[in-house]
Number of protein chains: 2
Amino acid sequence: MNREDIIAVAAGERKADLVVKGAKALDVFTREWVTADVAVCGGIIAGVGEYSGKEEINGEGRYLVPTYYDAHLHFESAAVRPSEYLKLTVPRGVTAYNADPHEIANVCGDGGIAFMARDVRDIPADVRFMMPSCVPATPEDSSGATLTAADAVKCKYGLGLFGLGEMMNVPGVLGRDPDVMAKLNAFDIIDGHAPGLTGKALCAYAAAGVMTDHECTTAAEAEERMRRGMYVIIREGSQAKDLKKLLPAVGGKNFSRFMFCTDDRNLEDVSARGTIDNCVRLAVGCGMDAASAATMASYNACAAYGIKRKGAIAPGYAADFFLTRDPVGELPEAVYFGGRRVAENGKALFETHPADCSAFLSTVRLAPFGEDAFTFPFRKSMPVIEVAPGTLVTKLGSADSPDGLDLMCCMERHRASGEIGHAYVRGFCIGGGAIAQTVGHDSHNVTVIGDNARDMALAVSALGEGGGFAVAAGGEIKGKVSLAIAGLMSDKSAAEALAERKKLRAALGGLKHAEGIEPFMLLSFLSLTVIPEAKLNTKGLYDVTRGKYVYNG
Amino acid sequence: MNREDIIAVAAGERKADLVVKGAKALDVFTREWVTADVAVCGGIIAGVGEYSGKEEINGEGRYLVPTYYDAHLHFESAAVRPSEYLKLTVPRGVTAYNADPHEIANVCGDGGIAFMARDVRDIPADVRFMMPSCVPATPEDSSGATLTAADAVKCKYGLGLFGLGEMMNVPGVLGRDPDVMAKLNAFDIIDGHAPGLTGKALCAYAAAGVMTDHECTTAAEAEERMRRGMYVIIREGSQAKDLKKLLPAVGGKNFSRFMFCTDDRNLEDVSARGTIDNCVRLAVGCGMDAASAATMASYNACAAYGIKRKGAIAPGYAADFFLTRDPVGELPEAVYFGGRRVAENGKALFETHPADCSAFLSTVRLAPFGEDAFTFPFRKSMPVIEVAPGTLVTKLGSADSPDGLDLMCCMERHRASGEIGHAYVRGFCIGGGAIAQTVGHDSHNVTVIGDNARDMALAVSALGEGGGFAVAAGGEIKGKVSLAIAGLMSDKSAAEALAERKKLRAALGGLKHAEGIEPFMLLSFLSLTVIPEAKLNTKGLYDVTRGKYVYNG
């Protein structure tokens, strides 16, 4: 910034570049709406009071709100590249992101992280990339890459990473695993991920330097973290919805310890409901006043992460704000970033410069397979995965008959090793076909579920070298979504990706499945061996609770 | 810190170095007292809960409080060297300081700053030195040194300075003075000093990057700064007492924007009443709960200045705390810094390593003078300085007769230039003698006030090469305090300095002066040309409001 110019504008000696006249501006320091002119110079708010500018925007009857901060998310969860994602969310007034490229890192390693960083180039948003802390997610995983502490340091400086992403390896922290310790030592800002952790173990996790947690699901969990000096990031994803449960923990005195994140939101949600703007609406729906909700969504996150001169409408702060007729409305009239109008009425006004993704377009490397790969013996009393509606937590059950069970396989897809895990699943109830996909947390191997080997083989084949989602039934491919980038993200526009996904869901309509489950989402978590209780990875059916394999083919 | 050890202790696998058992610990995040064991390892708080340690301290019936932070002070105001000052205040639980060595810098330049920094070496406290922003304080001043922006940068890196000290040159900021701009550009942390500034000018000052102000004297001033994104440091000095007036501005939602400082406290105050501990007592006396007052005094300042992992009793935070039977009591039972017991029952347990001060012992360099220097003509209707009890603000008056007026001189003492300013003063009412001193803000020239030239000359002579305070009456030196270091600070212990000062005050007892004024303190501000309205510097009687000289001899 040119300090001299800003001072001259603030002092009223010179016209501002831009003045928003007479809007009700959010004062995040008192959580009040205060009618004033807001003068901008050189991308910085120079003054709040009475000003005139070269350009003047009528703010009467409008609210002026500092733009919002998504304190933890994986762009990959929306299955579009970051530049496409941001075209949807910046117009909603969300211009700050702590993005953990954990998914692509598990497929493509540090090259994937670099791709994500390049993809957001020149986009009017503060995208702060975090170092994925656990690649692979667990020692049991067959991921596409391994990132050590040395890699983390290289990425930190080479890519200008902001901090260490959610440290999911809680046992590694508590057990002082040397690589985990070296990662913690390398970063000052460290995000957490510690569902259910309590008491001394939570103290140890906090004392290790972890400063946030976004995995609280009860107010009591949130409160314990807050009292131990951690910040609580209230998550409202597509699947994990914690906001209503956590809001009661937010009080008058501890208010500054809370902020919002989305973690994982699918494209439909991002497109139709938004992200942090949606959190603000939900919080207000729960009874919080709009000024407080908007402050949590903006200033609180900046303050927690030590980001100065962002997140408030005050002199010297970045001119990142949006103008809206309704502070809990859907799409702001105008979004400004660094004093520049970057969106209006939901439409992005900025150009993107998508990064070259050619190196990440053929990441699905399967060993040759036939239909026989998808048949495996049923034995009486064999262990099975039991799924249920509305949860990612599974049970380890047993079955006396194959009736009502689906076949599931998890196929190593990074090195064509031919490694494949098999299990029966109860409760998914796929009927007359199969679903295959390359989105499978956290290693993103190919998972396929179905009731017959022919459709399963067909669905897997349909994924091709690029990957994505495929549905087969009756010996035919019924639908496909291509996620050409790392098998995780579409290389198309968000609108095209949405249309493809809509068609796929229509195709899925022809296929039976249990009520209350979202098949693609649920399947993507059935290989994640950090969520209880029974999961399938490329090595077999894994009992998460006891930490051992209980079946494979 | 050794992260592994701290984790092991927090997890309860290993005994802590130290556990404070069962005290009511302050939770700064909720502002509650919570009974718990607090386990320390390697100087860091590892856990809060139930712990055992190699050393265990009984905390039952006691309060455990994070140590306090004096967010802005000049050690020189107590007229003892920093190492002596800290022996008085660390035992009171004040272990963090933003110290602006503005006074010594005006006498000795960057060498004086370096001396102050060396003097606190190895003392168990976080003393963060700030770069004095205005040396000399104004272009009108005849100071002992000039520190430019280039000097500031040299000091910043050479001495590891924390930020830019109170930017008093408000016109320089508003007028974009190049040297002021360069100083602002050189630092991220910038303290302010802007009494009375409001509206657009305040916006300009805040937009320039100034993040704090400790000069508010009304709740309305405090509130305006707070709304403009600045932090308000509530000052309670020996002379400037703002706490009671500002506390009403502290609300539930803006709480985090306030903290405490002492700015200028004399040795008697520091010794008898303490510093930030005294602010906490006063705040509680005004009706604030002790937990909130202690939080303002500790965590709020750390958070405002972006100091991580300090100021709270929580895992991963520095083990800087004190144990006391009464959270608003006078002297804690024990003070810990970095987990080490550094004071008990008011007594410092640490050694100091005072810096070599030999280079700063002969700083009073006056041109030869006789009694005639202290006689100057009276003219009818001449302008005079009018002082009043309880304020440093003076009026520019006029007099028709010399009756009831005192003589005052301000003598350049850094380069023996012989420059001397003269004025008459109304309301001081020295009778039968004179007071001379080398403490005279901000350039610390010799000021002398009296009712006869002989005693004035005698008092000035008595200051010698070292400087200090001297009282003469009836042709005799009645008392003297030596401030051998730069003419500002005693080179003796705090106890000896106190005894000397007590004797001086007794000597002063023989001398008449107006009721309600503290003669040495008031005189020390009569040369400060930034406080309205009439001041005397070495060039003559200065009308601060109109910025011009109105009389000299």
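Calculation notes
Residues numbered from 1 in each chain as written. Chains lettered and ligands numbered in written order. Predicted model: local features only at pLDDT ≥ 70, side-chain atom pairs only at ≥ 80, totals over all residues. Heavy atoms only, no water. Helix = DSSP H or I, 4+ residues; strand = E, 2+ residues; numbered from the N terminus. Rg over C-alpha atoms; globule rule 2.2 N^0.38 Å. Contact = heavy atoms within 4.5 Å. Areas by Shrake-Rupley, 256 points an atom, 1.4 Å probe, with all protein chains shown as cover. Buried area = accessible area lost by both parts, 1.4 Å probe. Salt bridge = Lys/Arg side-chain N within 4 Å of Asp/Glu carboxyl O. Polar contact = N/O pair within 3.5 Å; in protein donor to acceptor, adjacent residues only side chain to side chain. Nonpolar A, V, L, I, M, F, W, Y, C, P; charged D, E, K, R; others polar. Pairing = 2+ DSSP bridges. Axes fitted to C-alpha atoms, helices over the stretch in contact; angles between N-to-C directions. Buried < 20%, exposed > 50% of the residue type's maximum accessible area, 1.4 Å probe, protein only. Least-squares fit on C-alpha atoms with pLDDT ≥ 70 in both. Parallel < 35°, antiparallel > 145°, perpendicular 65-115°, else oblique. Left-handed = near helix turned anticlockwise from the far one by under 90°. Right-handed = clockwise from strand over helix to strand, strands pointing away.

**Q** When you look at the overall build of chain A in this model, what are you seeing that I'm missing?
**A** Helix and strand counts for chain A stand at 17 helices and 28 strands. The C-alpha atoms of chain A give 24 Å as radius of gyration, which agrees with the globular expectation for 553 residues (24 Å, within 12%). On the principal axes, the C-alpha backbone points of chain A span a range of 85 × 50 × 45 Å. Restricting to contacts in chain A with at least 6 residues of sequence separation, those with at least 24 account for 68%. For chain A, the exposed surface amounts to about 17,800 Å²; the carbon and sulfur share of it is 51%.

**Q** In this structure, what is going on with the interface of chain B and chain A? I would like to understand it.
**A** The interface of chain B with chain A comprises 56 residues on the first partner and 56 residues on the second. Summing both partners gives a buried area of about 4,700 Å² for chain B against chain A, and 50% of it is carried by carbon and sulfur. Among the residues of chain B in contact with chain A, Arg-3, Arg-176 and Arg-227 of chain B are the three that bury the most area, contributing 15% of the side total. Between Asp-27 of chain B and Arg-227 of chain A there is a salt bridge; the shortest N-O distance is 2.9 Å. Put simply, chain B and chain A have 22 residue pairs in polar contact (both at pLDDT 80 or more) between them. Contributing elements (two or more residues each) for the side of chain B that touches chain A: α1 (3-10), β2 (32-41), β3 (44-49), α6 (170-174), α7 (178-186), α8 (199-207) and α9 (219-227) of chain B. Broken down by class, the residue content of the side of chain B that touches chain A amounts to 30 nonpolar, nine polar and 17 charged.

**Q** Any chance you could explain the sheet that holds strand β6 (residues 68-73) of chain A here in plain terms?
**A** Sheets are built from strands that pair by backbone hydrogen bonding, the pairs being arranged parallel or antiparallel. Residues and elements named next belong to chain A. Strand order in the open sheet formed by five strands is β6-β7-β8-β9-β10, with parallel pairing between adjacent strands. A single partner strand is all that each edge strand has here, and the edge strands are β6 and β10 (190-192). On average, adjacent strands in this sheet sit at an angle of 25° to one another, irrespective of strand direction.

**Q** Explain the environment of Pro-383 of chain A to me, please; I cannot follow it from the model alone.
**A** Residues and elements named next belong to chain A. Assignment of secondary structure puts Pro-383 in strand β18 (residues 382-386). Separated by 210 residues in the primary sequence, Pro-383 and Val-173 have C-alpha atoms spaced 31 Å apart. The contacts of Pro-383, once residues within four sequence positions are left out, are Leu-396, Gly-397, Ser-398, Leu-541, Val-550 and Tyr-551.

**Q** Which parts of the structure should I look at to understand helix α12 (residues 276-285) of chain B?
**A** All names here are of chain B. Among the 10 residues that make up α12, seven are buried, leaving the element largely enclosed by the rest of the structure. Considered for burial, the residues of α12 that qualify are Ile-276, Asp-277, Asn-278, Cys-279, Val-280, Arg-281 and Ala-283. Elements in contact with the buried residues of α12: β6 (68-73), β7 (94-99), α10 (243-246), β13 (258-261), α11 (267-273) and α13 (290-297). Two residues or fewer after α12 comes Gly-287, characterised by a positive phi angle close to 110°.

**Q** Explanation requested: the relation of the copies chain B and chain A in the structure shown.
**A** For the pair of chain copies, the relating transformation is a rotation about an axis with a translation along it. Of the transformation superimposing chain B on chain A, the axial component is 0.1 Å and the angular component is 179°, with the fit at an RMSD of 0.2 Å. Both copies are brought into coincidence by an operation consistent with a two-fold rotation axis. A share of 100% of the interface residues of chain B reappears at the interface of chain A, consistent with the copies meeting face to face through the same patch.

**Q** What is the right way to look at the side chain of Arg-62 of chain B in this model?
**A** Residue and element names in this part refer to chain B. Position of Arg-62 among the secondary structure elements: in the loop between β4 (53-58) and β5 (63-66). At 2.9 Å, the side chain of Arg-62 forms a polar contact with the backbone oxygen of Glu-60. Those residues in contact with Arg-62 that sit more than four places away from it in its chain are Ala-23, Lys-24, Leu-323, Thr-324, Arg-325 and Glu-333.

**Q** What is the right way to look at the packing of helix α8 (residues 199-207) of chain A against α1 of chain B in this model?
**A** Two quantities define a packed helix pair, namely the angle between the helix axes and the distance between the axes. Between α8 of chain A and α1 of chain B, whose axes approach to 8 Å, the crossing angle comes to 165°. Taken together, the axis directions place α8 of chain A and α1 of chain B in an arrangement best described as roughly antiparallel. The two elements α8 of chain A and α1 of chain B cross, and the hand of that crossing is right-handed. Of the residues in α1 of chain B, those touching α8 of chain A at Lys-200, Cys-203, Ala-204 and Ala-207 of chain A are Ile-6, Ile-7 and Ala-10 of chain B. Broken down by class, the residue content of the contact of α8 of chain A with α1 of chain B amounts to six nonpolar, no polar and one charged.

**Q** I'm lost on the pairing of strand β9 (residues 163-167) of chain B in this one. Help?
**A** Remark: a regular strand shows side chains that alternate across the two faces of the sheet. Residue and element names in this part refer to chain B. Within β9, five of the five residues are buried, which leaves the element mostly enclosed by the surrounding structure. Tracing the backbone out of strand β8 (residues 126-131), into helix α5 (residues 149-159) and back to the parallel element β9 gives a crossover that is right-handed. Across two bridges, the pairing between β9 and strand β10 (residues 190-192) is parallel. Of the residues in β10, the one forming a bridge with Met-167 is Gly-192.

**Q** Help me understand helix α7 (residues 178-186) of chain A in this model?
**A** In an α-helix, one turn spans 3.6 residues; hence positions three or four apart end up facing the same way. Listing the buried residues of α7 of chain A in full gives Val-180, Met-181, Lys-183, Leu-184 and Ala-186 of chain A. One side-chain oxygen of the residue at the start of α7 of chain A lies 3.0 Å from the amide nitrogen of Asp-179 of chain A, identifying that residue as Asp-177 of chain A.

**Q** What is the right way to look at the pattern of salt bridges in this model?
**A** Opposite charge on two side chains lets them pair, provided their charged atoms get close. Applying the stated criterion across every chain, the model contains 74 salt bridges over all chains. Where Lys-54 of chain B meets Asp-17 of chain B, a salt bridge forms, and the shortest distance between an N and an O atom there is 3.5 Å. Separated by 37 residues along the polypeptide, Lys-54 of chain B in strand β4 and Asp-17 of chain B in strand β1 (residues 16-27) bring together distant segments of the chain. Judged by its relative accessible area of 32%, Asp-17 of chain B falls in the partly exposed class. Salt bridges linked by common partners bring Glu-215, Arg-235, Asp-242, Lys-245 and Asp-263 of chain A together as one network.

Note that every value here comes from positions in space, so none of it alone points to a role or purpose.
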